[in-house]
Amino acid sequence: MSESTPKSAKPGLPVLDRRLVIGGLAGAIATPFVGGQAVAQARFQPPAALAAKGVITYCATIDNPPRAFYDNQQRPTGFEVELGTEIAARMGLRVNWVQLRFVGLIPALQAQQCDALMQELFIRPERLEIIDMIPFSRTGQRLVTTKASTLQATSLEALSGRKMAVPNGTTIHNLVNEANAKLKAEGKPEINLVVLPTTTETFQQLATGQIEVLGTTTTAASYYVGLRPNDFRPLGEPFGLIGTGIGLRKGNTELLNPMKQSFDSIVADGTYKRLIDKWAMQGSEL
């Protein structure tokens, strides 16, 4: 399954790389990119195999600005991209980025298609049963509608009968499924849920009037509403604040320990705060 740039994409909305190639994992799209940054001498020793290659491979969606997205030259950029690159540099490594759809991230990690998941991945008990995680930020959920819409809602259940989009496999997707189960049990119309591969596509459908409302993370909502304040507005208040973390294969302490040490040094020397400020991520820091 491949993904192409939507023909109806609106100006100002980031789009996916037209050069995406099909990955080896079903339902995934992979875009390798090896960062060209100068790599300093390792402060924290990575596993011998990674040290020999000189490269760490991160899997990510790269479709979640300002955390991670493609710039005008189709190069990964954003808060998580810069943070992941800095973590790698302090282990003496360059970075190879592989873009996957969200639902393919953990399977790709477990299949050793990448070394770590550098992604806004929520730290949940069920995830910690299958992968290890290094906390690096916080996030929550937010509803977004159009500026012209008169829609009002203080909960997901208040969207009964409305047409709503979410990115596939995300926490908001699961929360809407739970809300629909409750609505069905109460004999009320369910939310008319549209499940799309990426955050970008949910905003494109909202912009073109194909849906009434969408669900996304607080950071993505802030980014897109800030990008097009005359078109979009938040609906209700943020909810479900939760920590996010880098994902690693269960028990891979040989990589987890130096990555955690590298991240801790980034926090200690002020680099973390500078990245938070640069990408307007205030409120999402640890």
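*Asks:* Report on the overall build of the protein chain, specifying residues and quantitative values.
*Replies:* Helix and strand counts for the protein chain stand at nine helices and 13 strands. Relative to its full complement of 286 residues, the protein chain shows a buried share of 53%. Partitioning the contacts of the protein chain with sequence separation of at least 6, the portion at a separation of at least 24 is 76%. Per element, the accessible surface of the protein chain, about 12,500 Å² overall, is 51% carbon and sulfur.

*Asks:* Describe in detail the side chain of Gln99, supporting the description with residues and values.
*Replies:* Mapped onto the elements of the fold, Gln99 is located in strand 7 (residues 94–99). Accessibility expressed as a relative area gives 1% for Gln99, which makes it buried. Here the side chain of Gln99 touches Thr61 through a polar contact of 2.7 Å, landing on its backbone oxygen.

*Asks:* Tell me about the environment of Arg249, and please be specific about residues and values.
*Replies:* Here Arg249 lies in strand 13 (residues 232–249). Overall, Arg249 belongs to the buried group, its relative accessible area being 18%. Along the chain, Arg249 and Asp115 lie 134 residues apart, while their C-alpha atoms are 7.8 Å from each other. With residues near it in sequence (within four places) discarded, Arg249 still touches Leu109, Gln110, Gln112, Cys114, Asp115 and Asp132. Only 2.9 Å separates the side chain of Arg249 from the backbone oxygen of Leu109, close enough to count as a polar contact.

*Asks:* Hey, could you go over the confidence of the model for the protein chain for me, with residue numbers and the actual values?
*Replies:* Mean pLDDT over the protein chain stands at 86; residues scoring 70 or higher make up 86%. Across residues 1–29 the pLDDT falls below 50, and counting only partners more than four positions away or on other chains, this stretch makes 68 contacts in the model.

*Asks:* An account of the state of the cysteines is needed here, citing residue identities and associated values.
*Replies:* According to the stated counting rule, one finds one disulfide in the structure shown. At a sulfur-sulfur separation of 2.5 Å, the disulfide partner of Cys59 is Cys114. Its S-S torsion of approximately -115° makes the covalent link between Cys59 and Cys114 left-handed. Of the two residues, Cys59 is situated in strand 4 (residues 55–60) and Cys114 in the loop between helix 3 (105–110) and strand 8 (116–122); the sequence distance between them amounts to 55 residues. Residue Cys114 is classed as buried on the basis of its relative accessible area, which comes to 1%.

*Asks:* Lay out the pattern of salt bridges in plain terms, naming residues and giving numbers.
*Replies:* Under the criterion given, the structure shown has 12 salt bridges. Arg124 serves as the salt-bridge partner of Glu126, at 3.0 Å between the closest nitrogen and oxygen. Judged by relative accessible area, which is 27%, Arg124 ranks as partly exposed. The residue Asp132 makes a salt bridge to Lys250 at a minimum N-O spacing of 3.1 Å. One end of the pair, Asp132, is in strand 9 (residues 131–146); the other, Lys250, is in the loop between strand 13 and helix 8 (253–268), and 118 residues separate them in sequence. The buried category is assigned to Asp132, whose relative accessible area is 16%. Residue Lys250 is classed as partly exposed on the basis of its relative accessible area, which comes to 46%. One salt-bridge network, held together by shared partners, links Arg67, Glu80 and Glu120.

Rules of the game
- Residues numbered from 1 in each chain as written.
- Predicted model: local features only at pLDDT ≥ 70, side-chain atom pairs only at ≥ 80, totals over all residues.
- Heavy atoms only, no water.
- Helix = DSSP H or I, 4+ residues; strand = E, 2+ residues; numbered from the N terminus.
- Buried < 20%, exposed > 50% of the residue type's maximum accessible area, 1.4 Å probe, protein only.
- Contact = heavy atoms within 4.5 Å.
- Areas by Shrake-Rupley, 256 points an atom, 1.4 Å probe, with all protein chains shown as cover.
- Polar contact = N/O pair within 3.5 Å; in protein donor to acceptor, adjacent residues only side chain to side chain.
- pLDDT = per-residue confidence, 0-100.
- Disulfide = S-S within 2.5 Å.
- Salt bridge = Lys/Arg side-chain N within 4 Å of Asp/Glu carboxyl O.

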